[in-house]
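Secondary and tertiary structure notes
One-letter residues, chain by chain:
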Amino acid sequence: GIQVEQSPPDLILQEGANSTLRCNFSDSVNNLQWFHQNPWGQLINLFYIPSGTKQNGRLSATTVATERYSLLYISSSQTTDSGVYFCAVEQGTGGFKTIFGAGTRLFVKA
Amino acid sequence: NAGVMQNPRHLVRRRGQEARLRCSPMKGHSHVYWYRQLPEEGLKFMVYLQKENIIDESGMPKERFSAEFPKEGPSILRIQQVVRGDSAAYFCASGGTDLRYEQYFGPGTRLTVT
């Protein structure tokens, strides 16, 4: 089945710093989403981005489907950005299974 | 995603009992996904349902687990004869009226098996 790899696994930032999170996938996908799981466990939708570029405030994302990767950019990080960031893809063929990456655990220091 | 409701939020069961987890999708959504998250791990797909129809159950364990999404009422994830390894957070997500749609997550049900 499709493999989803996220990097880095862990990231510590000083408040105000910028960062880039990466998601690589091994096969064609129909959909790709980025989620933030906050310290209370809630999953928050960030982007629905099977291709192209989107921006929402301090966050932006780019997916290059032909090269099988997606990037999530966080600018001017804040302590409330802490948590785990997941990339999730829906496989392109052979079913409707959604595969999550292992996540990037982000801690933003004040 | 605040519109997806799950209950109960916390559930404690003794080994051998049954657990029933409920998920009400967002208004207007007709597709439901169930996922399991073990501590410090990512989410694992279990099943994808449309009303009265299972679309993909390739992530469901072969035994003791079942899911349904009836024409009326919430989707139910049922775990029979629970074991300690079933202790996890179970998340439900809902999608729109078409296949392959953006997913919105509920708050999850934390199942603890004693």
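Please read all numbers here as calculations on a predicted model, not as lab measurements. (Residues numbered from 1 in each chain as written. Chains lettered and ligands numbered in written order. Predicted model: local features only at pLDDT ≥ 70, side-chain atom pairs only at ≥ 80, totals over all residues. Heavy atoms only, no water.)

Side note on the overall build of chain B
Test applied: Note on conventions: DSSP H or I runs of at least 4 residues are helices, E runs of at least 2 residues are strands, and numbering of each starts at the N terminus. In this setup the radius of gyration rests on C-alpha atoms only. A globule is expected at 2.2 Å times the number of residues raised to 0.38. Residue exposure (1.4 Å probe, protein chains only): buried if accessible area is under 20% of the type maximum, exposed if over 50%, otherwise partly exposed. Working definition of accessibility: Shrake-Rupley area with a 1.4 Å probe, residue cover restricted to the visible protein chains. Working convention for charge: Lys and Arg count positive, Asp and Glu count negative, and His plus the chain ends are omitted. In this description, the location of a charge corresponds to atom NZ of lysine, CZ of arginine, CG of aspartate or CD of glutamate.
Helices and strands together make up the secondary structure of chain B, namely 0 helices and 11 strands. Starting at the N terminus and ending at the C terminus, chain B contains elements arranged as β-β-β-β-β-β-β-β-β-β-β. In summary, chain B has a C-alpha radius of gyration of 13 Å against a globular reference of 13 Å for 114 residues, a match within 12%. By residue count, 44% of the 114 residues in chain B fall in the buried class. Surface exposure of chain B reaches about 5800 Å², of which carbon and sulfur atoms provide 46%. Between the averaged position of the 17 positive side-chain charges in chain B and that of its 12 negative side-chain charges there is a distance of 7 Å.

Thoughts on the environment of A:T62
Residue and element names in this part refer to chain A. What counts, and what does not: For the purposes of these results, a polar contact is taken to be a pair of N or O atoms within 3.5 Å, where, inside protein, one atom must be able to donate a hydrogen and its partner to accept one; residues adjacent in sequence count only when each atom of the pair is a side-chain atom.
Structurally, T62 can be placed in strand β7 (residues 59-64). Relative accessible area serves as the criterion here: at 17%, T62 is assigned to the buried category. The spacing of T62 and L32 is 30 residues in sequence and 11 Å in space, taken between C-alpha atoms. One polar contact links T62 to T53, side chain to side chain, over a distance of 3.1 Å.

Digging into the sheet that holds strand β3 (residues 19-24) of chain B
Residues and elements named next belong to chain B. The condition that has to hold: Think of it this way: DSSP has to see at least two bridges between two strands before they count as a pair. Fitting a line to C-alpha atoms yields each axis, with helices limited to the stretch in contact; the angle taken between N-to-C directions then spans 0 to 180 degrees.
If you walk across this open sheet you meet the 4 strands as β1-β3-β8-β7, and the pairing is antiparallel. Strand pairing shows two members of the sheet lacking a second neighbour, β1 (5-7) and β7 (65-68), which therefore form its edges. Adjacent strand axes in the sheet meet at a mean angle of 15 degrees, parallel and antiparallel pairs treated alike. Bridge analysis of β1 against β3 gives 3 bridges, and the strand direction is antiparallel. Paired with N7 across the strands is R22, a residue of β3.

Describing the sheet that holds β7(A)
Residue and element names in this part refer to chain A. The 5 strands are arranged β1-β3-β8-β7-β6 in an open sheet whose pairing can be described as antiparallel. Two strands in the sheet have a free side with no partner beyond their single neighbour: β1 (4-7) and β6 (52-56). Shown here is a sheet whose adjacent strand axes are inclined to one another by a mean of 15 degrees, direction ignored. When strand β3 (residues 19-25) meets strand β8 (residues 69-74), the two strands line up antiparallel, connected through 6 bridges. Paired with C23 across the two strands is S70, which belongs to β8.

Description of unusual backbone geometry
Cis geometry is found at the peptide bond from A:S7 to A:P8, where omega equals -10 degrees. Summarising the element assignment, A:P8 is placed in the loop between β1 and β2 (10-14). Residue B:P8 follows B:N7 across a cis peptide bond; omega there is -5 degrees. Backbone geometry places B:E52, a non-glycine residue, at a positive phi of 65 degrees. The topology assignment puts B:E52 in the loop between β5 (43-50) and β6 (53-56). In this model, B:R64 sits at a positive phi of 75 degrees, which is unusual for a non-glycine residue. Mapping B:R64 onto the fold places it in the loop between β6 and β7.

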